[in-house]
Amino acid sequence: MDENIKNNPPEAPAPEPVSYSRNNNSSSKFFDKFFSMFSKKTTAALVVVVLVIGVGAATIAVQNSTDTRQRADGLRAINPPCTIPTALNVGAGGYGDLTGDGKVSSSDSDWILQKDAGTRTLTPAQIEVADVNGTRTTLSSAADVNSIDSALILQFISGSISTFPVCSSPAATAAPTPTGGPTRFYLLSEGPPTPALSPAFDSGWEITSIATRLRTTTVKQRTFMITVPYNDNVHDEQDILFRQYISDPIQAVNIVNPTVKFVIRASQSYGGNRLKLALHVRVVDSSGALRGTIISPIVHGTTELGALASKRISYATTANISAQTGDRIVIEIGYWSDPPNTASHTGSISIGDNHQTDLPDSEGQTSPMNPWVELSSKINFVPPATPTPTTPPGVTTTPTLTPTITPTPTPAVTTTPTPTIPAGNTVFALTVGLDGLGTTGDNNTPNNSSGSNKNPNHPARNVKIEVFDGNNMPIANKSGTLIYQTGSGKFTGTIDMGNLASASYIVKIKSDGFLRRVIPGIQNVTLGQTFNVPTVNLVNGDINGDNAINILDYNILISCSTFSTDNHGACNANPQYAILSDLEDNGAVNQFDYNLFLRELSVQNGE
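A brief look at the structure comes next. Only a predicted model underlies this, so the values are computations on that prediction, with no experimental measurement involved.

**Description of the state of the cysteines**
Argument step 1. For the structure shown, the criterion picks out two disulfides.
Argument step 2. There is a disulfide in this structure between Cys82 and Cys167, and the S-S distance comes to 2.0 Å. Here Cys82 and Cys167 share a disulfide; its torsion about the S-S bond, -80°, makes the bridge left-handed. Of this pair, Cys82 sits in the loop between helix 3 (40-73) and helix 4 (106-117) while Cys167 is found in helix 7 (residues 165-168), placing the two residues 85 residues apart along the sequence. The same class applies to Cys82 and to Cys167, which are both buried.
Argument step 3. Shown here for the protein is a disulfide pattern of 1-2, 3-4, where each number marks a bonded cysteine counted in sequence order.

Next comes the structure, spelled out in structure tokens:
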């Protein structure tokens, strides 16, 4: 636009038509002629008359204004015509009554003018009652309150109008009071990235140095059980925050007097430390600002901690919160302690949700079952939004939100459990555990398979065997198939190694999607016999097949998962990626695969 103006400047205004032009001194000549008709005495008299008329008019205007204000002040006892709907959750109040004295008066009008002048700040409730020209379906903001509202209040108290426009608008409907319940939240030990929301920790916690934020859900995510310790040399009475849990967005609901329960395994290191559970629960809006507090102040358990065992809080609240769609539940857990001078705040809590059973609603359970926090209210959650892909300018595409994946066919396996191998050949008999499948856990806890998939979709797996001599020189390289055994939860099979000579070898094994692993020790093989290879577990997560687990695999996993941010672009680069990203082999790439991947990251390179 600026360039157009530069190249085509606006034309100069056209001169006025000649018939409308005047001489510059025409006015002065007119007044000279006018005043020449009067003597000086007459002119003086006229001036006096004009002054008298002007003063009189001004006096009348002031008197009218005073009369209006006096009439208004005489009606100070008039009641507000309507009140704030309780669904707006800003407290009681009548529209027009900013001062809160139960009446609408000129003082309320003055407060609005003072707000506009910057000399008065209004509370949210005062802003709502001041916006007499608004609607009762949504909260008003400070920008909605102005001189129009002030004028309407004066008209109302003077009798010019009988109500406010806001009173004629529909009132906000209250959120439904939940039926059913309860709603149980699980206390995860890890998970996908925490929400962008980061509510401040409640001010009642004196120590927050070990606190972290995690997502909480009502569906188990099978995160591993971990024990979080805390130790200091402080003897003061203090609340120590361990974790802040943030829920997914909830739907609008009235949370009325819920009972809150909290069961978790916790311990104290020394008898007499006087450690007890501590809990705080609240509702925040989509920005993290407080909507309402369910438990305040921090509630403490009644039983002192001892050895690692379940402890319990059950608390009947008096909360009455009108939660809005998009709000979140925030749960903060920890413990309270008032140790004697000879002790300190030394103890731990155990979080995670990988057990098939939740902790019972009682104390004294020592088994590593799932801890939980429960509200007696029924909470419903906002369904996740379906992503809408963007198309580069000039490109016509038909976007597919969920990639169409053609599963890799299960490798052909002979009907005979043991393949036919020529007589005289050396045979390797394999029993392999694949992390996350069957009875194999993960690299850190291989014997804890409570979260592993016992029914993998692909029971037949490719396997590659590499044999090296004592100088690490390659001797043989063979491939075969392993079959999942439901009874043992392992993959087994035999590999024809040909005429591999009798000798001592280094043996390495690899399967698609898993890191290569060296069979521990030196393997003494005899030509023409079956060699039972020692059982070994393979680390899951090598999605791109480069014998490493790193950011490249992570990016593919996320792209193939329900958390995809690139419309599955990286996933679609290779048809195998969607299959190999399903680490748990259950037909879906989701938070369970994500959690397993994080646990496998402790091993980043194959052998």
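**A few points about the pattern of salt bridges**
Argument step 1. If you walk through the whole model with that rule in mind, you get 16 salt bridges.
Argument step 2. Of the charged contacts, one joins Arg516 and Glu466 as a salt bridge, the two residues approaching to 3.3 Å between their closest N and O atoms. Taken as a pair, Arg516 in the loop between strand 20 (513-514) and strand 21 (517-518) and Glu466 in strand 16 (residues 460-468) lie far apart in primary sequence, 50 residues in all.
Argument step 3. Members of the salt-bridge network, linked through shared partners, are Arg184, Lys220, Asp358 and Glu374.

**What about helix 10 (residues 591-600)?**
Argument step 1. Among the 10 residues of helix 10, nine are classified as buried, and the element is accordingly described as predominantly covered.
Argument step 2. Buried residues in helix 10 make contact with strand 25 (540-542), helix 8 (551-560) and helix 9 (577-581).
Argument step 3. The N-cap of helix 10, judged by a side-chain oxygen 3.1 Å from the amide nitrogen of Phe592 a few residues on, is Asn590.

**Considering the packing of aromatic side chains**
Argument step 1. Under the counting rule described, the total for this entry stands at eight aromatic pairs.
Argument step 2. Aromatic side chains Phe563 and Tyr594 sit 6.2 Å apart centroid to centroid with 70° between the ring planes, which places their arrangement in the edge-to-face category. Here Phe563 is found in the loop between helix 8 and helix 9, whereas its partner Tyr594 is found in helix 10, with 31 residues between them in sequence.
Argument step 3. Residue classification places Tyr594 among the buried residues on the basis of a relative accessible area of 7%.
Argument step 4. Aromatic rings pair up to connect Tyr554, Phe563, Tyr594 and Phe597 into one cluster.
Argument step 5. Positioned above the aromatic ring of Trp111, the side-chain terminus of Arg120 is 3.9 Å from the ring centre.
Argument step 6. Geometry around Phe468 places Lys508 over its ring, the cationic atom sitting 4.7 Å from the centre.

About the cut-offs
- Residues numbered from 1 in each chain as written.
- Predicted model: local features only at pLDDT ≥ 70, side-chain atom pairs only at ≥ 80, totals over all residues.
- Heavy atoms only, no water.
- Disulfide = S-S within 2.5 Å.
- Helix = DSSP H or I, 4+ residues; strand = E, 2+ residues; numbered from the N terminus.
- Buried < 20%, exposed > 50% of the residue type's maximum accessible area, 1.4 Å probe, protein only.
- Salt bridge = Lys/Arg side-chain N within 4 Å of Asp/Glu carboxyl O.
- Contact = heavy atoms within 4.5 Å.
- Polar contact = N/O pair within 3.5 Å; in protein donor to acceptor, adjacent residues only side chain to side chain.
- Phe/Tyr/Trp six-rings, centres within 6.5 Å; stacked < 30°, edge-to-face > 60°.
- Lys NZ or Arg CZ within 6 Å of the ring centre and 35° of its normal.

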